[in-house]
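Chain and residue survey
Each chain is listed here by its residues.
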Amino acid sequence: MATLTKLPSTPSCLSAEGHQLAGTASAQPAEAVIDTETPAISRVYDYLLGGKHHYDVDRIACNAWIQAVPETPLLALANRAFVRRAVQYLTGG
């Protein structure tokens, strides 16, 4: 078994040159900006599953998608069912 004989001289959040590494800053993160003018796939998926966290632009995009691929709602439900089964299997449930 190897033993640590000398501690690193540079903290793990700094590069060898002393620069702050990405993702390790202690400053508060910037506020998220939600673009309600552009459809987001997560909100479209929410709409397909009957959720309530979507905007008009997401519903419009989703309805256009359904016009092109009528099976879209069924595919979304099948995807959700698969994710549930996968999580249950992985968690031993």
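As the structure is a computational prediction, the values presented were derived from the model and not from experiment. Counting from 1, residues in each chain are numbered in the order their sequence is written. Per-residue local features are limited, in this predicted model, to residues with pLDDT of at least 70; the limit for side-chain atom pairs, both in listing and counting, is 80 or more; totals at the level of whole chains, interfaces and linings are taken over all residues. Values shown for side chains rest on all heavy atoms present in the structure; no hydrogens or waters enter the calculation.

1. Notes on the overall build of the chain
Condition: Each helix is a run of DSSP H or I of at least 4 residues and each strand a run of E of at least 2, with the numbering of both proceeding from the N terminus. In this scheme, a residue with accessible area under 20% of its type's maximum is buried, one over 50% is exposed, and one in between is partly exposed, where area comes from a 1.4 Å probe on protein chains only. Every accessible area reported is derived by Shrake-Rupley at a probe size of 1.4 Å, with residue values counting cover from the shown protein chains alone.
The number of helices and strands found in the chain is 3 helices and 0 strands. In the chain, the succession of helices and strands from N to C terminus is α-α-α. For the chain, with 93 residues in total, the buried portion stands at 12%. Within the structure as shown, the chain displays about 7900 Å² of accessible surface, and the carbon and sulfur contribution to it stands at 61%.

2. What about the packing of helix α1 (residues 41-48) against helix α2 (residues 56-68)?
For clarity, the cut-off: All axes are obtained by fitting lines to C-alpha atoms, using only the stretch in contact for helices, and the reported angles, taken between N-to-C directions, cover 0 to 180 degrees. Any angle that falls under 35 degrees is termed roughly parallel, while one over 145 is termed roughly antiparallel, one within 65 to 115 roughly perpendicular, and all others oblique. Any two residues having at least one pair of non-hydrogen atoms within 4.5 Å are treated as being in contact.
For the pair α1 and α2, the least separation of the axes is 9 Å and the interaxial angle reads 70°. If you check the angle between α1 and α2, you find them roughly perpendicular. Counting all contacts with α1, which are made through Ile41, Arg43, Val44, Tyr47 and Leu48, the residues of α2 involved are Val57, Asp58, Arg59, Cys62, Asn63, Trp65 and Ile66.

3. Topic: α2
Helical geometry: 3.6 residues make up each α-helical turn, so side chains three or four residues apart lie on a common side. Rules: The length a helix should cover is 1.5 Å for every residue beyond the first.
In this model, α2 (13 residues) spans 19 Å end to end at C-alpha, consistent with the 18 Å of a helix rising 1.5 Å per residue. Those residues of α2 that are buried lie in contact with α1.

4. Considering a nonpolar patch on the surface
Cut-off, in case you're wondering: Note that patches include only residues with greater than 30% relative accessible area and no salt bridge, and the join distances are 9 Å for like charges and 5 Å for nonpolar side chains (Val, Leu, Ile, Met, Phe, Trp, Tyr). Salt bridge criterion: a side-chain nitrogen from Lys or Arg within 4 Å of a carboxyl oxygen from Asp or Glu.
Residues Ile41, Trp65, Val69 and Leu75 make up a contiguous nonpolar surface patch of about 380 Å² in total accessible area. As for its position among the elements, Leu75 is in helix α3 (residues 72-90).

5. Topic: the pattern of salt bridges
Within the structure shown, the criterion is met by 2 salt bridges. Here Arg43 ties to Asp58 by a salt bridge, and the two come within 2.6 Å at their closest N and O atoms. With a gap of 15 residues between them, Arg43 in helix α1 and Asp58 in helix α2 connect regions that are remote in the sequence. When its relative accessible area of 12% is taken as the criterion, Arg43 is described as buried.

6. Here we look at the side chain of His54
Inspection of the secondary structure assignment puts His54 in the loop between α1 and α2. Those residues in contact with His54, other than ones at most four positions away along the chain, are Arg43, Asp46, Tyr47 and Arg59.

7. Comments concerning the side chain of Asp58
Here is the rule we go by: Between N or O atoms, a polar contact is any pair within 3.5 Å; within protein, one atom must be a potential hydrogen donor and the other a potential acceptor, and residues adjacent in sequence are included only when both atoms are from side chains.
In this structure Asp58 comes out as buried when scored by relative accessible area, which is 0%. A polar contact of 3.0 Å, which involves the side chain of Asp58, links it to the backbone nitrogen of Ala40.

8. What about α1?
Of the residues making up α1, those classed as buried are Arg43, Val44, Asp46 and Leu48. Against the buried residues of α1 lie α2 and α3.

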